[in-house]
Number of protein chains: 2
Amino acid sequence: MSDAAPFQRIAVLGLGVMGGSIARALTGTAAAPEVRGWSHDTEERRAALYAGAVTAAPEDLKEVLQDADLVAIATPLKAACRLIADIAAADLTRDATIMDVSGLKAPVARAAAEAGVAGRFVGAHPMAGSEASGFPASRADLFEGALVWIVAEPEASAHTQKVEALWRSMGARPVQTSAETHDRLMSLVSHLPQLAANGLAAALDGEGIRAGDLGPGGRDMTRLAASNPEVWAGLFEGAHPDLVRALRAMAGTLQDVADELERGDVEAIAALMQRTRSWSDA
Amino acid sequence: MSDAAPFQRIAVLGLGVMGGSIARALTGTAAAPEVRGWSHDTEERRAALYAGAVTAAPEDLKEVLQDADLVAIATPLKAACRLIADIAAADLTRDATIMDVSGLKAPVARAAAEAGVAGRFVGAHPMAGSEASGFPASRADLFEGALVWIVAEPEASAHTQKVEALWRSMGARPVQTSAETHDRLMSLVSHLPQLAANGLAAALDGEGIRAGDLGPGGRDMTRLAASNPEVWAGLFEGAHPDLVRALRAMAGTLQDVADELERGDVEAIAALMQRTRSWSDA
């Protein structure tokens, strides 16, 4: 909190919920660094400038990168991997720290290694977000109290320390882990619930039920059905095999429940509910 | 609001989240009626008395029913059906209105018809509740702004009007429907999401993921996994056949997604997400 700001000139690439919220949060800190923004979307650049979240938002990526000591990549996963290569090739950022915030850490770690910047690359993944997308959904307090997974090579430790200080300045709690541990965990705690929400919404749609017909429980269960397919497509390319296994297990449970309902075996369903209730309380 | 109170002496049977909240809400209205409570659970009777939600909570059901002009049954479905028969047999309530708040309306309507009280029975189902259970989870404002489905025979119209006025006095919005329409809707908007949450929680449990590992999206998706099996068991006995069909459809979608992940068909998953996103926005 009272530390000197770990970075002075930050380039935020991607000004959606994540990038926009990083820009807003940093602009709001006491020792506010200079934050420049870039997006392929002209509207988002304008919105970020107008909101005062960034001091500049030029169209040219090179202009944004010039003299930056932190490049914060906040685009969907595939674009993030491409940008890591572009940034390394552009050679404009010398020894700047490169950070990303995408939802899987193995693919970006690979991209950083291939681009020869693993020694200054720090993968971050804040456990915060929104099913809404775009700059208008960004908030200065999005990361307040949020856990942020940090994945980096040991050789990048100086950069990692600065990135952790940056997240703390935004109210978040950085915790280091490995790409494998992180990606398996995310496949299960994030990707599986996402796909369950899509599966549930499709089933409701198939029965002619509208989103507005739902009560609070059903609304909670389908909120993620509004998530942005663009953000997710890349994540599913790098999906962990355990996600496939867990999806099949969930589908099997639902088939079993359907059978149990048909033969009036309420005891079996009660046993399932008792098990998940114990799990919730644990 | 400014109407005279529709009932003067109300007997609330069952003092869990629903019954407790009804008692608390009515005790808080301007023209507060006398509210007596009953529960098979001694602790709940004590808690309701201590909280001032009821003026009396005798152990003997007959004592609670004596002179009541409204009997509000707020127990799980099976107990509600039994109580309707008991109340009719006890002959203590003469022409008192009998109301229940359980989650399916066809079974209670049948019970009322069989007991010969269909002419003074009004089924109600407030779209409000909690995954927590018991009197401690009850709240005076639980029904504020909530939709309440009302199902009753035309011959019970005088009773229906008074029950609707009662719900309005608690800040709720009563809307009449038929038992068939209501029960199909509930099977899909309430029971299906409930079972989806159980299926998801079981899959996470199977992968060794704890509830505390989840982010906000996963927490929303598994909140219902803590629901009370006792409350639900009876609801699943009266489940609508379309629930079985929708469960199978959801299981099929999740199987398809597992296959698509395995063969890297991200386009197919994006198409599913696009469909559910449009559904969410509609």
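These numbers come from a predicted model, not from an experiment.

**Here we look at the nonpolar core**
Reasoning step 1: In this structure, Leu13(A) and Leu13(B) are the most contacted members of the largest nonpolar core, which totals 122 residues.
Reasoning step 2: Discounting residues that sit within four places of it in the chain, Leu13(B) has contacts with Trp38(B), Leu61(B), Val64(B), Leu65(B), Val71(B), Ala72(B), Ile73(B), Ala74(B), Thr75(B), Leu83(B) and Ile87(B).

**Notes on the packing of helix α7 (residues 179–206) of chain A against helix α9 (residues 229–237) of chain A**
Residue and element names in this part refer to chain A.
Reasoning step 1: Running from N to C, α7 and α9 point in directions that differ by 120 degrees, and their axes come no closer than 12 Å. One finds that α7 runs oblique with respect to α9. Here α7 and α9 pass one another in a crossing that is left-handed. The segment α7 lies against α9, with Ser-190, His-191, Gln-194 and Leu-195 engaging Trp-232, Leu-235 and Phe-236.
Reasoning step 2: Counted by class, the contact of α7 with α9 contains four nonpolar, three polar and no charged residues.

**With respect to the pairing of strand β6 (residues 147–152) of chain A**
Residue and element names in this part refer to chain A.
Reasoning step 1: Relative to β6, strand β5 (residues 121–126) runs antiparallel, the two sharing five bridges. Its bridge partner lying in β6, Ala-124 is registered against Ile-150.
Reasoning step 2: Bridge count for β6 against strand β7 (residues 173–176) is four bridges, and the pairing is parallel. Residue pairing in the sheet places Ile-150 in a bridge with Gln-176 of β7.

**Observations concerning the domain arrangement of chain A**
Residues and elements named next belong to chain A.
Reasoning step 1: Assigned domains of chain A: these are domain 1 (9–177) and domain 2 (182–281).
Reasoning step 2: In this structure, domain 1 and domain 2 have C-alpha centres spaced 31 Å apart.
Reasoning step 3: Each side of the interface is counted separately: domain 1 has 15 residues, and domain 2 has 16 residues.
Reasoning step 4: Both faces combined, the contact of domain 1 with domain 2 buries some 1,200 Å², and carbon together with sulfur accounts for 68% of it.
Reasoning step 5: Counting every contact that joins domain 1 to domain 2 gives one salt bridge.
Reasoning step 6: Ionic pairing is found between Lys-78 and Glu-237, a salt bridge with its closest N-O pair at 3.3 Å.
Reasoning step 7: One can count four residue pairs in polar contact (both at pLDDT 80 or more) joining domain 1 with domain 2.

About the criteria used
Residues numbered from 1 in each chain as written. Chains lettered and ligands numbered in written order. Predicted model: local features only at pLDDT ≥ 70, side-chain atom pairs only at ≥ 80, totals over all residues. Heavy atoms only, no water. Core = buried A, V, L, I, M, F, W, Y, C linked by side-chain atoms within 4.5 Å. Buried < 20%, exposed > 50% of the residue type's maximum accessible area, 1.4 Å probe, protein only. Contact = heavy atoms within 4.5 Å. Axes fitted to C-alpha atoms, helices over the stretch in contact; angles between N-to-C directions. Helix = DSSP H or I, 4+ residues; strand = E, 2+ residues; numbered from the N terminus. Parallel < 35°, antiparallel > 145°, perpendicular 65-115°, else oblique. Left-handed = near helix turned anticlockwise from the far one by under 90°. Nonpolar A, V, L, I, M, F, W, Y, C, P; charged D, E, K, R; others polar. Pairing = 2+ DSSP bridges. Domains from an automatic or database assignment. Buried area = accessible area lost by both parts, 1.4 Å probe. Salt bridge = Lys/Arg side-chain N within 4 Å of Asp/Glu carboxyl O. Polar contact = N/O pair within 3.5 Å; in protein donor to acceptor, adjacent residues only side chain to side chain.

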